[in-house]
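# Observations on the model geometry
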Amino acid sequence: MPLVSFDEALQRLKSGSPVALPTETVYGLAAPIDQTKTLQKIFELKGRPLSDPLIVHASNLEMALSLYENPSDEITTLAQNFWPGPLSVVSTKKSSVSDLITAGLPKVAVRIPQSPLFRQLIEDVGVPLAAPSANLFKKVSPTQAEHVLETFPGVDVLDGGSAQVGIESTIYDLEDSLILRPGQVTASDLESVLNKKISYSERLKTPGSEVDHYQTKSPIYVFEDHDELKDFLSLNSKACEVLIPPAPEEAQQKLYGLIREADKKSEALALYFSPDWSGESWFALKNRLKKASTKWYKEKNEK
Ligand code: TXA
Ligand code: MG
């Protein structure tokens, strides 16, 4: 029975099985950070290289701070403003955090997720949970329990409904003042509480990430010109148009579900992304689409 209750999820986590859990961003495939074998199982299930580090999820600030070596006051400020929420903070790790989790890097990424179920599980397990998104390496992240089951029919999933944010957390490297992966929390949001300049890493490249992430089976073509999109659709009868909602938060929330559904029935996915959607609130969604798309019609070759 792949859908499990809270108590079953707790039992599985304690006994060494990974469990897929809901977060506000995307579903994660979780294991306690002190269970090496279960963590290895997660890498195997996902087909993920060991060079790609995992985000650690804590249930409260004290637990989060215990993962860092000499945690800076900045982390507490960020926690007061953005935790629980879709922000992962990368900073120097305690030596007790295993190299398997950080892929041998000296820093660890930590966040407190919004989902009360997830946080309660961490409390009850008594140990932080490492959790990558519950999808195969380089594929689209799951925003519903059934997305996880489509990929991993044998994995236990705790159903928490549709993810509210819908794209993965912002990853912020505190020592470098750099956003490594954009998300709903923007550089301006961070600047407004930290009173310093925060930049987006030039290549927006986190360790282990490649340009071809968020892959679908069928190619994705993104258009910034409606006429070009219509021409494409008239020439490609097996392509389908995917309508992106015109408000950034709704677009983020629905994007992965929309492209998963379209991918099941079409041989090509045609998306329209308005040139007017250039503000910072569109930045994360544009980043995901750039990585997922085979072709971005206006800014060809720019990934
Ligand atoms: O919203 C999220 O962050 C979701 C939910 C489940 O929390 N998790 C997620 O995990 O997206 P994953 O493993 O799919 O992506 C995590 C990214 C990876 O690209 C990894 O390179 C980066 O976080 N990362 C993890 N630890 C890091 C570290 N110590 N330094 C830099 N980047 C790190
Ligand atoms: Mg992922």
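The following refers to the structure shown. (Residues numbered from 1 in each chain as written. Chains lettered and ligands numbered in written order. Predicted model: local features only at pLDDT ≥ 70, side-chain atom pairs only at ≥ 80, totals over all residues. Heavy atoms only, no water.)

### What to know about the overall build of the protein chain
Scanning the protein chain for helices and strands turns up eleven helices and 14 strands. Taking 303 residues into account, the globule formula puts the C-alpha radius of gyration at 19 Å, and the protein chain, at 19 Å, falls close to it. Projected onto the principal axes, the alpha-carbon positions of the protein chain cover approximately 55 × 50 × 30 Å. Residue pairs at least 24 apart in sequence account for 70% of intrachain contacts in the protein chain once pairs closer than 6 positions are excluded. Across the protein chain, the 33 positively charged side chains and the 41 negatively charged ones have centroids separated by 5 Å. (Helix = DSSP H or I, 4+ residues; strand = E, 2+ residues; numbered from the N terminus. Rg over C-alpha atoms; globule rule 2.2 N^0.38 Å. Contact = heavy atoms within 4.5 Å. Lys, Arg positive; Asp, Glu negative; His and termini not counted. Charge placed at Lys NZ, Arg CZ, Asp CG, Glu CD.)

### Examining the packing of aromatic side chains
Following the criterion strictly, the structure yields nine aromatic pairs and no others. Here Phe273 and Trp277 contribute two aromatic rings whose centre-to-centre distance is 5.2 Å and whose plane-to-plane angle is 85°, an arrangement assigned as edge-to-face. Accessibility classification places Phe273 together with Trp277 in one group, the buried group. In textbook terms, an aromatic cluster arises when at least three aromatic residues are bridged by ring pairs, as seen for Tyr272, Phe273, Trp277, Trp282 and Trp296. Above the plane of the ring of Trp296 lies Lys290, whose end atom (NZ or CZ) is 4.9 Å from the centre. (Phe/Tyr/Trp six-rings, centres within 6.5 Å; stacked < 30°, edge-to-face > 60°. Buried < 20%, exposed > 50% of the residue type's maximum accessible area, 1.4 Å probe, protein only. Lys NZ or Arg CZ within 6 Å of the ring centre and 35° of its normal.)

### Considering the nonpolar core
Side chains that are nonpolar tend, in soluble globular proteins, to be buried together. Formed by 58 residues in total, the largest nonpolar core has its most connected members in Leu78, Trp83, Leu87, Tyr172 and Leu190. One finds Leu271, Trp277, Leu285 and Trp296 within the second-largest nonpolar core, a separate group that totals 25 residues. (Core = buried A, V, L, I, M, F, W, Y, C linked by side-chain atoms within 4.5 Å.)

### A closer look at the sheet that holds strand 3 (residues 55-57)
Two strands in a sheet stick together by hydrogen bonds in their backbones, pointing the same way (parallel) or opposite ways (antiparallel). Strand order in the open sheet formed by ten strands is 7-1-2-6-3-5-4-8-9-10, with mixed pairing between adjacent strands. The sheet is open, and its two borders are formed by strand 7 (156-157) and strand 10 (199-200), each paired with just one other strand. In this structure, strand 4 (residues 87-92) lies alongside strand 5 (residues 107-111), joined through four bridges in antiparallel fashion. The residue bridging Val90 from the neighbouring strand is Ala109, located in strand 5. Strands in contact with helix 4 (residues 73-82) are strand 4 and strand 8 (170-173); relative to strand 4, the strand with the most contacts, it is inclined by about 170°. (Pairing = 2+ DSSP bridges. Axes fitted to C-alpha atoms, helices over the stretch in contact; angles between N-to-C directions.)

### Focus: the sheet that holds strand 11 (residues 220-223)
Within the open sheet, the four strands sit side by side as 12-13-11-14. Their pairing is parallel. The sheet is open, and its two borders are formed by strand 12 (239-242) and strand 14 (295-296), each paired with just one other strand. Relative to strand 13 (residues 268-272), strand 11 runs parallel, the two sharing four bridges. Directly across from Val222, in strand 13, lies its bridge partner Leu271. Lying over the sheet, helix 10 (residues 248-265) contacts strand 11, strand 12 and strand 13, oriented at roughly 145° with respect to strand 13.

### Some points on the side chain of Lys93
The topology assignment puts Lys93 in the loop between strand 4 and helix 5 (99-102). Ignoring any residue separated from it by four or fewer positions in sequence, one finds Lys93 in contact with Leu67, Tyr68, Glu69, Asp99, Thr102, Leu105, Pro106, Lys107 and Val108.

### What about the pattern of salt bridges?
Using the criterion set out here, one finds 15 salt bridges in the structure. Close ionic contact of Lys107 with Asp173 constitutes a salt bridge, the shortest N to O distance being 2.9 Å. Residue Lys107 is located in strand 5, and its partner Asp173 is located in strand 8; the two are separated by 66 residues in the primary sequence. Exposure remark for Asp173: the relative accessible area of 5% places this residue in the buried category. A cluster of three or more residues bridged by salt bridges with shared partners is formed by Lys107, Asp173, Glu175 and Asp176. (Salt bridge = Lys/Arg side-chain N within 4 Å of Asp/Glu carboxyl O.)

### Overview of the side chain of Gln252
Tracing the chain through its elements places Gln252 in helix 10. When sequence neighbours within four positions are dropped, the list of residues in contact with Gln252 reads Val165, Gly166, Ile167, Gln184, Ser281, Ala284 and Leu285.

### Comments concerning the packing of helix 1 (residues 6-14) against helix 6 (residues 116-125)
Two elements in contact, helix 1 and helix 6, have axes separated by 10 Å at closest approach and are oriented at 45°. Viewed along their axes, helix 1 and helix 6 adopt a mutual orientation that is oblique. At the point where helix 1 passes helix 6, the crossing takes the right-handed sense. Contacts between helix 1 and helix 6 involve Phe6, Ala9, Leu10, Leu13 and Lys14 on the former and, on the latter, Leu117, Gln120, Leu121, Asp124 and Val125. In terms of residue class, the contact of helix 1 with helix 6 is made up of seven nonpolar, one polar and two charged. (Parallel < 35°, antiparallel > 145°, perpendicular 65-115°, else oblique. Left-handed = near helix turned anticlockwise from the far one by under 90°. Nonpolar A, V, L, I, M, F, W, Y, C, P; charged D, E, K, R; others polar.)

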